[in-house]
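The chain contents come next:
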Amino acid sequence: MPPLAPTVKLNNGRDIPALGLGTWQATPGEVREAVKHAIDAGYRHIDTAAVYRNESEVGEALQEKFKEGAVKREEVFVTSKLWNTCHRPELVVPTCKKTLADLKLDYVDLYLVHWPFAYKIECHPYLNQKKLIEFCKQRDIVVTAYSPLANPSITMPAGGLPLLQNPKLKLLAAKYKKTVAQVVLRYVFQLGTVPIPKSFTKKRIEENIRIFDFELSNDDVTDISKLNKNYRVFPHAQAKHSKYYPFHDEF
Ligand SMILES: NC(=O)c1ccc[n+]([C@@H]2O[C@H](COP(=O)([O-])OP(=O)(O)OC[C@H]3O[C@@H](n4cnc5c(N)ncnc54)[C@H](OP(=O)(O)O)[C@@H]3O)[C@@H](O)[C@H]2O)c1
């Protein structure tokens, strides 16, 4: 049995595993294998959404693992999300039921409003969200860190160095004998968030959960925090003029 991630208590008393598998940007077939491999590698938290159009595959992978006896339903924390076109009250229940049918589950553990825009949870060293995390901590709210690796598949603005190529992080990775991705994930975990790195690469799925066997010193956390540049992978600029656009707010 691989080591599991520790859990974090939510304010409803439930526990959420402190690291999950992100599943956005899958080509057909990819996510099924990734989820199965992640369960074998010790993941007990899967992040999906109707708009990722992969809930059926996630469901198939989970069913396979339940049947194998690798894991029980109640041992896996599954998150899904309500898409923007389904916010009307009469659409919420049928949309949620469709997600449950696709996932082949009786319940999900967390059902989020995907956008707009209460969901602000992108977090990584280039956008460390200290104020938002502090605000949520004071209210006993656990923050999920999406795009915790600052999604290296998305090109940064001209002149920007991708997070995983940052020289300071490379030095820290060498110091802790970890990869840069592991240092980054450990950093967002130590900030008090639950990172959900996406990977469909077996080696990286395994690498990304191995962050609970070392600790960054306070000085190193402070140093990494200096990398903050308020860089958003997803600025949602197309919604800038909406009255619900969240990123004009202080948090
Ligand atoms: N609610 C929202 O609006 C929202 C928005 C964005 C994301 N999310 C959720 O958050 C999850 C994670 O965010 P994300 O997918 O944007 O970005 P991410 O997890 O920061 O980065 C994913 C990218 O990093 C690569 N990668 C993963 N592990 C790596 C490692 N150890 N070393 C080097 N590269 C690595 C992956 O490639 P390979 O797959 O090839 O390994 C993939 O291209 C999503 O999948 C989704 O579930 C939610």
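Scope of this entry: the structure provided in the associated data block. (Residues numbered from 1 in each chain as written. Predicted model: local features only at pLDDT ≥ 70, side-chain atom pairs only at ≥ 80, totals over all residues.)

Counting its secondary structure elements, the chain contains 8 helices and 8 strands. Since a compact globule built from 251 residues should have a radius of gyration of about 18 Å, the 18 Å found for the chain is in line with a globular shape. With the C-alpha coordinates aligned to their principal axes, the bounding extent of the chain is approximately 50 × 45 × 35 Å. Among the 251 residues that make up the chain, the fraction classed as buried is 37%. (Helix = DSSP H or I, 4+ residues; strand = E, 2+ residues; numbered from the N terminus. Rg over C-alpha atoms; globule rule 2.2 N^0.38 Å. Buried ≥ 20, exposed ≤ 12 C-beta atoms within 10 Å, placed from the backbone.)

To continue, consider the sheet that holds strand β6 (residues 110-113). The 4 strands lie next to each other as β3-β4-β5-β6, forming an open sheet whose pairing is parallel. Where the open sheet ends on each side, the last strands, each with one partner, are β3 (21-22) and β6. Two strands pair when backbone bridges link them, and strand β4 (residues 45-47) and strand β5 (residues 77-82) are joined in this way by 3 bridges, in the parallel orientation. Opposite Asp47, over in β5, you have Thr79 as the bridge partner. (Pairing = 2+ DSSP bridges.)

A word on the packing of helix α2 (residues 55-68) against helix α3 (residues 89-103). Between α2 and α3, whose axes approach to 7 Å, the crossing angle comes to 45°. Compared by their axis directions, α2 and α3 come out oblique. From α2, Glu55, Ser56, Val58 and Gly59 reach across to α3, where they touch Thr99, Asp102 and Leu103. When the residues that make up the contact of α2 with α3 are grouped by side-chain class, the tally is 2 nonpolar, 3 polar and 2 charged. (Axes fitted to C-alpha atoms, helices over the stretch in contact; angles between N-to-C directions. Parallel < 35°, antiparallel > 145°, perpendicular 65-115°, else oblique. Contact = placed C-beta atoms within 7 Å. Nonpolar A, V, L, I, M, F, W, Y, C, P; charged D, E, K, R; others polar.)

Turning our eyes to something else, we now look at the site of the ligand. Gly22, Trp24, Leu149, Ala181 and Lys198 are the nearest of the 28 residues found near the ligand. Examining the composition of the shell around the ligand, we find that 3 residues originate from one element, helix α7 (residues 202-209), more than from any other. When its residues are assigned to classes, the shell around the ligand shows 14 nonpolar, 10 polar and 4 charged. (Near = placed C-beta within 6 Å.)

Looking now at the packing of helix α5 (residues 167-176) against helix α6 (residues 180-190). Relative orientation of the contacting elements α5 and α6 amounts to 95°, with a least axis distance of 8 Å. Taken together, the axes of α5 and α6 are roughly perpendicular relative to one another. Between α5 and α6, the contacting residues are Leu169, Lys170, Leu172, Ala173 and Tyr176 on the first element and Val180, Val183 and Val184 on the second. Partitioned by chemical class, the residues of the contact of α5 with α6 number 7 nonpolar, no polar and 1 charged.

Time to look at the environment of Ala173. Among the structural elements, Ala173 can be located in helix α5. Residue classification places Ala173 among the partly exposed positions, given that 18 C-beta atoms sit within 10 Å. A C-alpha to C-alpha distance of 6.1 Å links Ala173 and Val183, two positions 10 residues apart in sequence. Beyond its immediate stretch of four places on either side in the chain, Ala173 contacts Lys178, Thr179, Val180 and Val183.

Across the 6 residues that make up β5, a large majority, 6, are buried. Once the chain exits β4 it traverses α2 before rejoining the sheet at β5, and the crossover so formed is right-handed. Handedness of the crossover is the feature at issue here: the chain leaves β5, passes through α3, returns alongside β6, and the resulting connection is right-handed. (Right-handed = clockwise from strand over helix to strand, strands pointing away.)

With that out of the way, let us pick up the pairing of β6. In this structure, β5 lies alongside β6, joined through 4 bridges in parallel fashion. Each residue of the ladder has a partner; that of Leu82, found in β6, is Val113.

Our focus in this paragraph is helix α1 (residues 30-40). By the burial criterion, the buried members of α1 are Val31, Arg32, Ala34, Val35, Ala38 and Ile39. Buried positions in α1, seen along its axis, are confined to an arc of 165° and lie on one side of it. Along its buried surface, α1 packs onto β3, β4, α2 and α7. (Arc of directions from axis to C-beta.)

This part takes up the nonpolar core. Within the largest apolar cluster, 55 residues are counted, with the highest numbers of intra-cluster contacts made by Leu19, Leu21, Val35, Ala145, Val184 and Val188. Tallying contributions element by element places α6 first for this core, with 8 residues. Apart from residues no more than four positions distant in its own chain, Val184 is found in contact with His124, Pro125, Pro148, Leu149, Leu163 and Leu169. (Core = buried A, V, L, I, M, F, W, Y, C linked by C-beta atoms within 7 Å.)

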